[in-house]
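# Structural characterization, general
So the chains spell out like this:
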Number of protein chains: 2
Amino acid sequence: MATLRDVAARAGVSIRTVSNVVNDFHYVSEATRARVQRAIEETGYQPNLAARSLRGGRSGLIGLIVPEIDVPYFGELTRAFIEQLAGKDYTLVVDHTDGQPDRERDIVLRRRPAPLFDGLIVNPLQLGADQLEVRSPPAPLVLIGEQVHSKQFDHVMIDNVRAARESVEHLISLGRRRIAVIGGPPDGWTKTTALRIEGYRAALRDAGRKPDPTLDVRTEALHRRDGAAAMEQLLALRRPPDAVFCLNDLVALGVLRTLSVHGVRVPDDIAVTGFDDVEDGRYSTPTLSTVAPDKTGIATLALERLMIRMAGDRSPGVTLFADHTFVARESTVGTGAG
Amino acid sequence: MATLRDVAARAGVSIRTVSNVVNDFHYVSEATRARVQRAIEETGYQPNLAARSLRGGRSGLIGLIVPEIDVPYFGELTRAFIEQLAGKDYTLVVDHTDGQPDRERDIVLRRRPAPLFDGLIVNPLQLGADQLEVRSPPAPLVLIGEQVHSKQFDHVMIDNVRAARESVEHLISLGRRRIAVIGGPPDGWTKTTALRIEGYRAALRDAGRKPDPTLDVRTEALHRRDGAAAMEQLLALRRPPDAVFCLNDLVALGVLRTLSVHGVRVPDDIAVTGFDDVEDGRYSTPTLSTVAPDKTGIATLALERLMIRMAGDRSPGVTLFADHTFVARESTVGTGAG
């Protein structure tokens, strides 16, 4: 049976272009569209049900399933997805699972009354690859975030280990000696935590330093309140840190608050970095140094993969990395005034 | 033809309870449920299509349509809706319109391929009551926010005039003489802006003061960057303000940033208030005084009205007010240390 690849080869275009034609996107030129249509006829390629029912029973909906819709990172990521879908023939609807395994299962694996979504972008917290692969979701699915590794599904993420390492190397380059880390659950490690801590430790190791366990503070969640409480704990140490690598921006904003309450100068006394580059950290005082994942890149890659899957591609899952950059702001380098 | 009210009267329960039974919610006692069922049979009441197809063609989806999903207020409001729906037989899906009239129309008035939502909660920015009423949405609909006034649809909001007035009265009570206002589009007034400015002016008038037009700064949108730019403008005045009433928290957070960059002390030199009580303002330095709308109350009232409508009630639309409180924090009253 002819595949998307066969059509692409015959038409002399990329798989993505075939996918765009099959999914009826507007930005394919008429000439290319005609060439692809001809190749589809010549190869006898049959797009899958979702694609075939384009004008019929499809819902026109793509579901974006995130753990917490009121966390700024997910708000901003959602906007990136909506912008990437603009002008295409799909509407993005968002649901959040609040990290509850039952809710994740219900939404992602739900089949009745009818397949709700033509495609799913899922950032799972609790749902494992085994559950997804065995129970097979009702629509093509692309994973984002760090939690799940799957051979079946495409997966878009950033290189968390490298990003964390670059943050900590930045702190080391500023001459910081006692670099703490804040974030991640106390009982067991989520994958996100594990990857970012791995980067933290790698940077310390490369600089010939040993991680100090008193400077590693685990938190229930990654919210502002968790960062604020953890920083209280670190300030109570006989030898507090001179820098803090936070596993996300919300934790870092909570840390900044505690430091402000105690009159600790940032970055003079303690430098702080976050992770996510949410808008809050661009307007806080001090502004927040952080890892900026390319959210538009994540949305673009994930939707490209999803469209290819919706057009019928059944090849094994691939992992794709979106870009990231480290952005140095006042919380590590100051205002330049001092 | 029997109405929801007839059933309620016959069963001796509230309309809300009948609605809960018709919508198959779990938290109605068996005895009450039986009584309502009997009253439904005796009156010959026919729930509308959405309710009748409970086990059949209904989608199980309630749509929440907001202007900007990445604005923290809408993120927090969305969470409130999701929490209020927990344990009920519906899933909330969220879409955002980015304030574009076409997109609002597409989502709210969309009928194909099938009615997507069993009910809609809509916070319109551009869509007028006339368009909604004439073109009649495909599912029961409840309005939230301030933009639209309708005789047909239920509407849940807070008392914006009173809330704004209380904020400005707070600033007056602190002895502030030159109270600026920041926010709202320069070309014409949105309803939200109009109501909050009305409250601002009423407070000044009651204190025997005249609004100073140089202290009224209009902004394109209500984002951090708008507040930051507007504050630059106010600081450039020969006589800058000693207080700023911002039309929302994001604007106020932008204002705080500009004041910090210029070394202006808050609240000593300039006091600042916001509107929305988003989490950002509870962790900023200084923390932000603001109007806290009862988001849970908004969600509860809106969903109650929606369930009553989904159960078939066709009486004229009502406007319901959720509570609000003014929360004084460091940006107006300081840390108490000084």
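Residues numbered from 1 in each chain as written. Chains lettered and ligands numbered in written order. Predicted model: local features only at pLDDT ≥ 70, side-chain atom pairs only at ≥ 80, totals over all residues. Heavy atoms only, no water.

As annotated in an unreviewed UniProt entry, chain A carries the name DNA-binding LacI/PurR family transcriptional regulator and comes from Microlunatus parietis.

A separate point is the overall build of chain A. From N to C terminus, chain A includes 14 helices and 12 strands. In terms of its C-alpha atoms, chain A occupies a principal-axis envelope of roughly 75 × 40 × 35 Å. Put simply, chain A has 338 residues, and 60% of those count as buried. Approximately 13,900 Å² of chain A is accessible, and the part contributed by carbon and sulfur atoms is 49%. The distance from the centre of the 42 positive side-chain charges to the centre of the 44 negative ones in chain A is 3 Å. (Helix = DSSP H or I, 4+ residues; strand = E, 2+ residues; numbered from the N terminus. Buried < 20%, exposed > 50% of the residue type's maximum accessible area, 1.4 Å probe, protein only. Areas by Shrake-Rupley, 256 points an atom, 1.4 Å probe, with all protein chains shown as cover. Lys, Arg positive; Asp, Glu negative; His and termini not counted. Charge placed at Lys NZ, Arg CZ, Asp CG, Glu CD.)

All right, on to the sheet that holds strand β12 (residues 324-327) of chain A then. Picture the strands of a sheet paired through backbone hydrogen bonds; they go either parallel or antiparallel. Residue and element names in this part refer to chain A. Taking strand neighbours across the sheet as the criterion, the 6 strands line up as β7-β6-β8-β9-β10-β12 in an open arrangement whose pairing is mixed. Across the chains shown, the open sheet's two edge strands, defined by having one partner strand only, are β7 (216-217) and β12. Two elements, strand β10 (residues 289-293) and β12, share 4 bridges in a ladder whose sense is antiparallel. Bridge pairing in β12 links Thr290 to Val327. (Pairing = 2+ DSSP bridges.)

Counting residues at the interface gives 37 residues for chain B, matched by 37 residues for chain A. Both faces considered, chain B and chain A share a buried interface measuring about 3,300 Å² in area, 49% of it formed by carbon and sulfur atoms. Of all residues in chain B, the largest losses of buried area upon contact with chain A belong to Arg79(B), Arg257(B) and Tyr283(B), amounting jointly to 22% of the total for that side. At the surface where chain B touches chain A, the tally comes to 12 salt bridges. On the surface where chain B and chain A come into contact, there are 17 residue pairs in polar contact (both at pLDDT 80 or more). Counting only elements with at least two residues in the side of chain B that touches chain A, the list comes to α5 (72-85), β2 (91-96), α10 (224-235), α11 (249-261) and α12 (280-283) of chain B. (Contact = heavy atoms within 4.5 Å. Buried area = accessible area lost by both parts, 1.4 Å probe. Salt bridge = Lys/Arg side-chain N within 4 Å of Asp/Glu carboxyl O. Polar contact = N/O pair within 3.5 Å; in protein donor to acceptor, adjacent residues only side chain to side chain.)

Quick look at the domain arrangement of chain A now. What the domain assignment lists for chain A is domain 1 (4-46), domain 2 (61-158) and domain 3 (160-293 + 326-333). On a C-alpha basis, the centroid separation for the pair domain 1 of chain A and domain 3 of chain A is 48 Å. (Domains from an automatic or database assignment.)

Bringing the relation of the copies chain B and chain A into the picture now. Rotating chain B by 180° about the axis while translating it 0.0 Å along that axis superimposes it on chain A, leaving an RMSD of 0.1 Å. Each copy turns onto its partner about a two-fold axis. The rotation axis passes nearest to the C-alpha of Val94(B) in chain B, at a distance of 2.5 Å. Most of the interface of chain B is mirrored in chain A, where 100% of its interface residues again form contacts. (Least-squares fit on C-alpha atoms with pLDDT ≥ 70 in both.)

Residues and elements named next belong to chain A. If you check helix α5 (residues 72-85), its first and last C-alpha atoms are 20 Å apart, about what 14 residues at 1.5 Å a residue would give, namely 20 Å. With 12 of its 14 residues buried, α5 lies for the most part within the structure. Considered for burial, the residues of α5 that qualify are Pro72, Tyr73, Phe74, Gly75, Glu76, Leu77, Thr78, Arg79, Ala80, Phe81, Ile82 and Leu85. (Expected span 1.5 Å × (residues − 1).)

Residue and element names in this part refer to chain B. Its place among the elements puts Glu198 in helix α9 (residues 191-206). You can call Glu198 partly exposed: its relative accessible area is 46%. Between the C-alpha atom of Glu198 and that of Val251, which follows or precedes it by 53 residues, the distance is 18 Å.

This paragraph deals with the side chain of His324(B). Residue and element names in this part refer to chain B. Looking at where His324 falls in the secondary structure, it is placed in strand β12 (residues 324-327). A residue is classified by how much of its surface remains accessible, and His324, at 12% relative accessible area, is buried. Within polar-contact distance, the side chain of His324 engages the side chain of Glu166 at 3.0 Å. Once residues within four sequence positions are removed from consideration, His324 is found in contact with Ile158, Asp159, Arg162, Ala163, Glu166, Val291, Ala292, Pro293 and Asp294.

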